[in-house]
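# Descriptive structure summary
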Amino acid sequence: MSLNAAFYTGNKQFSLETVESVPPGTGEVQIDVAYCGICGTDLHVYLGHMDQRIGDHRVIGHEMSGTVSAIGKDVDGYAIGEPVVVRPLDACGECPSCLRGFPHVCQKLTFLGLDTNGAFQQQWSVPAHTVHKLPNTLSLEHAALIEPVAVAVHDVRRGQVAAGDDVLVIGGGPIGMLIAMVAKQAGADVTVSEINTHRLSMAKAMGINTVNPKDEDAAAALMASTGGKGVDVVFEVSGTQPGVDLMTAVTATRGRVVMVAIHANKPTVDLFQFFWKEIEMVGARVYEPSDYEEAIRLVATEAIDSKRLITSVQALPDIQSAFEELAGNPKAMKTLIRCNAAEAS
Ligand SMILES: [Zn+2]
Ligand SMILES: [Zn+2]
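All values derive from a computational prediction rather than experimental measurement.

## Details of the overall build of the chain
Tallying secondary structure elements over the chain gives 12 helices and 17 strands in all. Whereas a compact globule of 345 residues would reach a radius of gyration of roughly 20 Å, the chain reaches 20 Å, a difference of no more than 12%. Projected onto the principal axes, the alpha-carbon positions of the chain cover approximately 65 × 45 × 40 Å. Residue burial in the chain is summarised as follows: out of 345 residues, 52% are buried. Accessible surface for the chain amounts to roughly 15100 Å². Of this, 51% is attributable to carbon and sulfur atoms. Of the charged side chains in the chain, 26 are positive and 40 negative, and the gap between their average positions amounts to 4 Å.

The structure is reproduced here in structure tokens:
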């Protein structure tokens, strides 16, 4: 059987190629990919920022949903046709992080869909331990958001967000918006800080407070909105110096900062504020299996309305224009690629 696969070939280009279907290997599950979302990381790949890691002939994509199409040797507990998602992390099992029980931050982590071929293709074989089953009631289109929702669940868990907390999310892209939704669902009073006006109105429409850090009195307004005490939990998702400045300016005494963004350059951090207000900071990276289970629950029960982030659904042959549009359109939030025509909704 011949299948379509979209290969990133460098220099903002994808090439749609025909590949032969191969049976899953030992310990693997083969999945007919239904949908695969374009992650911020995929955009970085497209823009050429990760060529050293990716090379020039790689199927990327990991925010996927699909149904089991074949089961490899030594795999139990899966049935053909079952709806599933993949937690795209394959740890080494031997490094200090793995040995301490944190394989999601393995020091030699294999990220499926970056370090191996991913899900912008019709069929994808993955290690069985990465597969999570879905309830039949959940649409596969909506299920393609489970991976980014799991990121948000992990971040909120690391932030120990409690009901009644004042929460600030700095950066209102897809991950920031999902953190806001998950924190709100946990009972927090959430504000998103963002400069993109489309994103600000999207947040407002979801009942989330907003602040534009370009407004001169943004920090003062934030402090006032907490009755002067400051923000209990701040999520830094912007990856910018102004974001880092705002982060320390508004955190409450004994508040918590969760570092979600990937700061490629070392920002200047006002460490005095950490001392003065006894602020805690934690890092948060990807997710653990329990975060996936919670993300599946939140999406399947519609406890969070994550599907409103989907601004476009494109067919696999249109992946090139889908990336071009996402990179250039400030209104775009989450684009899904429909990888199998049979899954058209
Ligand atoms: Zn992702
Ligand atoms: Zn490891």
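## Thoughts on the sheet that holds strand β12 (residues 209–211)
Ordered in space as β12-β11-β10-β13-β14-β15, the six strands form an open sheet in which the pairing is parallel. In this open sheet, the two strands that pair with only one neighbour each are β12 and β15 (280–283). On average, adjacent strands in this sheet sit at an angle of 20° to one another, irrespective of strand direction. As defined by bridge partners, strand β14 (residues 251–259) adjoins β15 across four bridges and the pair is classed as parallel. Bridged to V258 within β15 is V282. Sitting on the sheet, helix α9 (residues 241–250) is in contact with β10 (166–170), β11 (189–193), β13 (231–236) and β14, with an inclination near 150° to β14.

## Here's the deal with the domain arrangement of the chain
By domain assignment, the chain separates into domain 1 (2–147 + 287–343) and domain 2 (160–283). One C-alpha centre belongs to domain 1, the other to domain 2; they are set 29 Å apart. Both sides of the domain 1 and domain 2 interface together cover about 1200 Å² of buried area, and 75% of this is carbon and sulfur. Looking at the side of domain 1 facing domain 2, the largest losses of area belong to R308, L309 and M333, adding up to 46% of the total buried there. At the junction of domain 1 and domain 2, the tally comes to zero salt bridges.

## Remarks on helix α6 (residues 174–185)
The first and last C-alpha atoms of α6 sit 16 Å apart over 12 residues, in line with the 16 Å expected at 1.5 Å per residue. Taking burial as the measure, the 12 residues of α6 include nine buried ones, the bulk of the element. Of all the residues in α6, the buried ones are P174, G176, M177, L178, I179, A180, M181, V182 and A183.

## Description of the coordination of the zinc ion (ligand 2)
For the zinc ion (ligand 2), every protein donor is listed as C92 (SG), C95 (SG), C98 (SG) and C106 (SG), and the spread of their distances is 2.3 to 2.4 Å. Classification of the site at the zinc ion (ligand 2) rests on its four donor atoms, whose angles at the metal span 102 to 119°, yielding the label tetrahedral. Between the donor residues of the zinc ion (ligand 2), the gaps in sequence give the motif C-x2-C-x2-C-x7-C. What makes C92 partly exposed here is its relative accessible area of 28%.

Cut-off values and rules
Residues numbered from 1 in each chain as written. Chains lettered and ligands numbered in written order. Predicted model: local features only at pLDDT ≥ 70, side-chain atom pairs only at ≥ 80, totals over all residues. Heavy atoms only, no water. Helix = DSSP H or I, 4+ residues; strand = E, 2+ residues; numbered from the N terminus. Rg over C-alpha atoms; globule rule 2.2 N^0.38 Å. Buried < 20%, exposed > 50% of the residue type's maximum accessible area, 1.4 Å probe, protein only. Areas by Shrake-Rupley, 256 points an atom, 1.4 Å probe, with all protein chains shown as cover. Lys, Arg positive; Asp, Glu negative; His and termini not counted. Charge placed at Lys NZ, Arg CZ, Asp CG, Glu CD. Pairing = 2+ DSSP bridges. Axes fitted to C-alpha atoms, helices over the stretch in contact; angles between N-to-C directions. Contact = heavy atoms within 4.5 Å. Domains from an automatic or database assignment. Buried area = accessible area lost by both parts, 1.4 Å probe. Salt bridge = Lys/Arg side-chain N within 4 Å of Asp/Glu carboxyl O. Expected span 1.5 Å × (residues − 1). Donors = N, O, S within 2.8 Å, 3.2 Å for Na, K, Ca; no water. Tetrahedral: all angles 85-135°; square planar, octahedral: opposite > 155°, others 65-115°.

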